[in-house]
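Okay, here's what each chain looks like letter by letter:
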Amino acid sequence: MVKKINILAGQDKSANLEVIEMLEVQAGEILAVVGPTGSGKTQLISDIEQYAAGETPSRRHVLINDLAAGDYDGQLSFRRLVAEVSQNMNFVIDMSVEEFLLMHAQIREIDRPEIVTKEVIKVTNELAGEPVSKQDNITVLSGGQSRALMVADVALISNAPVVLIDEVENAGINRLQAMSFLAGQGKVVIVVTHDPMLSLMADKRIVMKNGGMLKLQETTQEEKTVLKQLIEVDQKLSILRDNIRQGGSINKETLREGELL
Amino acid sequence: MRFIIVTGTPAAGKTSVMMHTIRHLLTEGLKVAACKIDCLETSDDRRYRSLGIPVAVGLSDYFCPDHFYVANLEEIFSWAEEQEAEILVLETAGLCHRCAPAVDGCLSICVIDNLSGIDTPRKVGPILTTADIVAVSKGDIVSQAEREVFRRKVEMVNPRARIIELNGLTGQGSLRLKKEILESSPVNRIEGKELRYSMPAAVCSYCSGETIIGSTYQMGNIKKVDFGRKSSG
Ligand SMILES: Nc1nc2c(ncn2[C@@H]2O[C@H](COP(=O)(O)OP(=O)(O)OP(=O)(O)O)[C@@H](O)[C@H]2O)c(=O)[nH]1
Ligand SMILES: [Mg+2]
């Protein structure tokens, strides 16, 4: 069981010691990684994935339950530390959703694979806008359906203790719900994002700059309140989005009706 | 010299993965040479040469690239020694599923990609079953679930191999591969060493089941590498 992950500082791109000397994330916590493009978000994630021990360009050290990679001596109970759900990922296997999930569950040696499969499809449908049925071919799912299925599968079938959500756009998946669902399963959830809602949804955020960890910010009580308002604004925006999708037009009147003005 | 044989299906990411790994080896101050065997054409030599290391290319043309490869192992070995290489990376053509280039005593790395489909591990045969290390690439574009299924299928075919998930674009995972290379044993000579699996049949001594390396064991149609080939383009 992974209880927590610590990242011990290395250096930034100019070989200066990082400002944040230690970053700790507990199971069930959500960490947002923010910062401009090229600020070192990917390297940070990659250090965690590789269970870095000072050998990566950042020279960071990663500890799991206070132990370094060398201390485990190949006896890790999980195959892969980080499971990832990203915008670039697709399903390529030509199979039905049910067949594929059963196969994955069997390979993971899960008891009663039929029950887990049902549960995964149920969660997928809670997260995705358009319903997914077990007979659907997995390669023809929409972007939102695929992402929802990936999240549900990662939460219930994969055993990676850390889940990384990378730039998953808003198309047809409830991302906030997906993140709290993953955290609820006792995962360490890391989300790389430019979206203010996702950042505030996290328990804390690490700000990256020039390859280094610059600032660690706990989400304040006030930000949590602001988040509720942002979610309301987002819901209003999504009404506009649907309106446009269905052939409607937008004017000041619709904005006023939608309480956006 | 450590003799590293890199095999795998076409376009699996062999060169991409090895470029990252060689960069790590060069950072440690090691001398690396690379040789690519292919059938008709390759631009891999240009990519390896961009690392500033000695590179040779052998094109088999009308020969089976695998037979061409084994008939030239001795010569490739001496060439790399002339370059004073401490590590030789030999990338094979990997054109047919029946290829069997692994040699006892040489670290054999099979590169196979997640996109090739979950039946591929079962189909590829000796390049996968005789590998010491299986480098699984292109995990960045398929779902986590498929990566796990694919990995399991690889394990079922070759339970002995160490599996490394590698990204040929970013180089993620290449540090582990570097470590494996450094931990492998150097070889003094290649002559007399044995193929781990016989080659598919054709028209030279290896076609009729020969497995020992060296000119003395070769007869019939044999073609040798021309080490004078300059970088194309
Ligand atoms: N997305 C992604 N693309 C990759 C990865 N590894 C390699 N590629 C791409 O796959 C293509 C083939 O890569 P190569 O390294 O040339 O493959 P190869 O096995 O050496 O190919 P041959 O020598 O021609 O058989 C290139 O366009 C690479 O950029 C990876 O991990 N992820
Ligand atoms: Mg190549």
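Residues numbered from 1 in each chain as written. Chains lettered and ligands numbered in written order. Predicted model: local features only at pLDDT ≥ 70, side-chain atom pairs only at ≥ 80, totals over all residues. Heavy atoms only, no water.

Considering the overall build of chain A
Right, on to step 1. A count of helices and strands for chain A gives nine helices and 10 strands.
Right, on to step 2. For chain A, the C-alpha radius of gyration of 20 Å lies close to 18 Å, the compact-globule estimate for 261 residues.
Right, on to step 3. Along the longest, intermediate and shortest principal axes, the C-alpha atoms of chain A span 60 × 50 × 30 Å.
Right, on to step 4. Per-residue burial over chain A gives 48% buried out of 261 residues. (Helix = DSSP H or I, 4+ residues; strand = E, 2+ residues; numbered from the N terminus. Rg over C-alpha atoms; globule rule 2.2 N^0.38 Å. Buried < 20%, exposed > 50% of the residue type's maximum accessible area, 1.4 Å probe, protein only.)

Observations regarding the site of ligand 1
All names here are of chain B.
Right, on to step 1. Residues in close proximity to ligand 1 total 18 residues, the closest being K14, T15, S16, R47 and G168.
Right, on to step 2. Side-chain polar atom of D140 to a nitrogen atom of ligand 1: 2.9 Å apart, as the coordinates give it.
Right, on to step 3. The contact in question runs from an oxygen atom of ligand 1 to an N or O atom on the backbone of G168, over 2.7 Å.
Right, on to step 4. Considered on its own, ligand 1 offers 660 Å² of accessible surface; in the complex 75% of this is hidden by protein.
Right, on to step 5. Elements represented by at least two residues in the shell around ligand 1 include exactly α1 (14-27) and α2 (44-49). (Near = heavy atom within 4 Å. Polar contact = N/O pair within 3.5 Å; in protein donor to acceptor, adjacent residues only side chain to side chain. Areas by Shrake-Rupley, 256 points an atom, 1.4 Å probe, with all protein chains shown as cover.)

A word on the nonpolar core
Right, on to step 1. Judged by nonpolar contacts, the single largest core of 66 residues is most densely connected at F100 of chain A together with V134 of chain B.
Right, on to step 2. Of all the elements, helix α5 (residues 143-156) of chain A adds the most residues to this core, at seven residues.
Right, on to step 3. In this view, F100 of chain A contacts F91, I93, M95 and I138 of chain A together with A145, E146 and V149 of chain B; residues no more than four positions away in its chain are not counted. (Core = buried A, V, L, I, M, F, W, Y, C linked by side-chain atoms within 4.5 Å. Contact = heavy atoms within 4.5 Å.)

Quick notes on the sheet that holds strand β7 (residues 162-165) of chain B
Residues and elements named next belong to chain B.
Right, on to step 1. Pairing within the open sheet is parallel, and its seven strands lie in the order β3-β2-β4-β1-β5-β6-β7. Two strands lie at the open edges of the sheet, namely β3 (55-59) and β7, each paired on one side alone. Taken pair by pair, the neighbouring strands of this sheet meet at an average axis angle of 20°, ignoring direction.
Right, on to step 2. Taken together, the five bridges between strand β2 (residues 32-38) and strand β4 (residues 87-91) define a ladder with parallel strand orientation. (Pairing = 2+ DSSP bridges. Axes fitted to C-alpha atoms, helices over the stretch in contact; angles between N-to-C directions.)

Some points on the domain arrangement of chain A
Residue and element names in this part refer to chain A.
Right, on to step 1. What the domain assignment lists for chain A is domain 1 (4-93 + 156-219) and domain 2 (222-261).
Right, on to step 2. Summarising the inter-unit geometry, the C-alpha centres of domain 1 and domain 2 are found 31 Å apart.
Right, on to step 3. With 10 residues of domain 1 in contact, the opposing surface of domain 2 contributes eight residues.
Right, on to step 4. At the boundary of domain 1 with domain 2, total buried surface from both sides reaches about 760 Å², with 63% on carbon and sulfur atoms.
Right, on to step 5. Across the domain 1-domain 2 interface, the total number found is one salt bridge.
Right, on to step 6. Where E223 meets R205, a salt bridge forms, and the shortest distance between an N and an O atom there is 2.7 Å.
Right, on to step 7. Taken together, the links from domain 1 to domain 2 amount to one residue pair in polar contact (both at pLDDT 80 or more).
Right, on to step 8. Among the elements that take part in the side of domain 1 that touches domain 2, helix α7 (residues 196-201) stands out by supplying four residues, more than any other. (Domains from an automatic or database assignment. Buried area = accessible area lost by both parts, 1.4 Å probe. Salt bridge = Lys/Arg side-chain N within 4 Å of Asp/Glu carboxyl O.)

Things to note about the packing of aromatic side chains
All names here are of chain B.
Right, on to step 1. A complete count under the given rule lists three aromatic pairs over all chains for this structure.
Right, on to step 2. Centre to centre, the rings of F3 and F77 are 5.9 Å apart; their planes meet at 10°, and the pair counts as stacked. Of this pair, F3 sits in strand β1 (residues 2-8) while F77 is found in helix α4 (residues 73-82), placing the two residues 74 residues apart along the sequence.
Right, on to step 3. When its relative accessible area of 5% is taken as the criterion, F77 is described as buried.
Right, on to step 4. Here the aromatic rings of W79 and F227 are separated by 5.9 Å at their centres, their planes lie at 15°, and the arrangement is stacked. Of this pair, W79 sits in helix α4 while F227 is found in the segment after α8 (174-183), placing the two residues 148 residues apart along the sequence.
Right, on to step 5. Overall, the relative accessible area of 31% leaves F227 in the partly exposed class. (Phe/Tyr/Trp six-rings, centres within 6.5 Å; stacked < 30°, edge-to-face > 60°.)

Some details on the side chain of D38 of chain B
Right, on to step 1. Within the secondary structure, D38 of chain B is located in strand β2.
Right, on to step 2. Sequence-distant contacts of D38 of chain B, that is, excluding residues within four places in its chain, are made with G58, L59, S60 and A93 of chain B.

Overview of the interface of chain B and chain A
Right, on to step 1. Across the contact, 22 residues belong to chain B and 27 residues belong to chain A.
Right, on to step 2. Taken together, the two surfaces of chain B and chain A that pack against each other cover about 2000 Å², and 57% of this comes from carbon and sulfur.
Right, on to step 3. Per-residue buried area on chain B facing chain A is highest for Q144, E146 and Q172 of chain B; these three make up 27% of the total on that side.
Right, on to step 4. Summed over the shared surface of chain B and chain A, the number is zero salt bridges.
Right, on to step 5. Applying the counting rule to chain B against chain A returns nine residue pairs in polar contact (both at pLDDT 80 or more).
Right, on to step 6. It is helix α7 (residues 144-157) of chain B that provides the largest number of residues to the side of chain B that touches chain A, a total of 10 residues.
Right, on to step 7. When its residues are assigned to classes, the side of chain B that touches chain A shows seven nonpolar, six polar and nine charged. (Nonpolar A, V, L, I, M, F, W, Y, C, P; charged D, E, K, R; others polar.)

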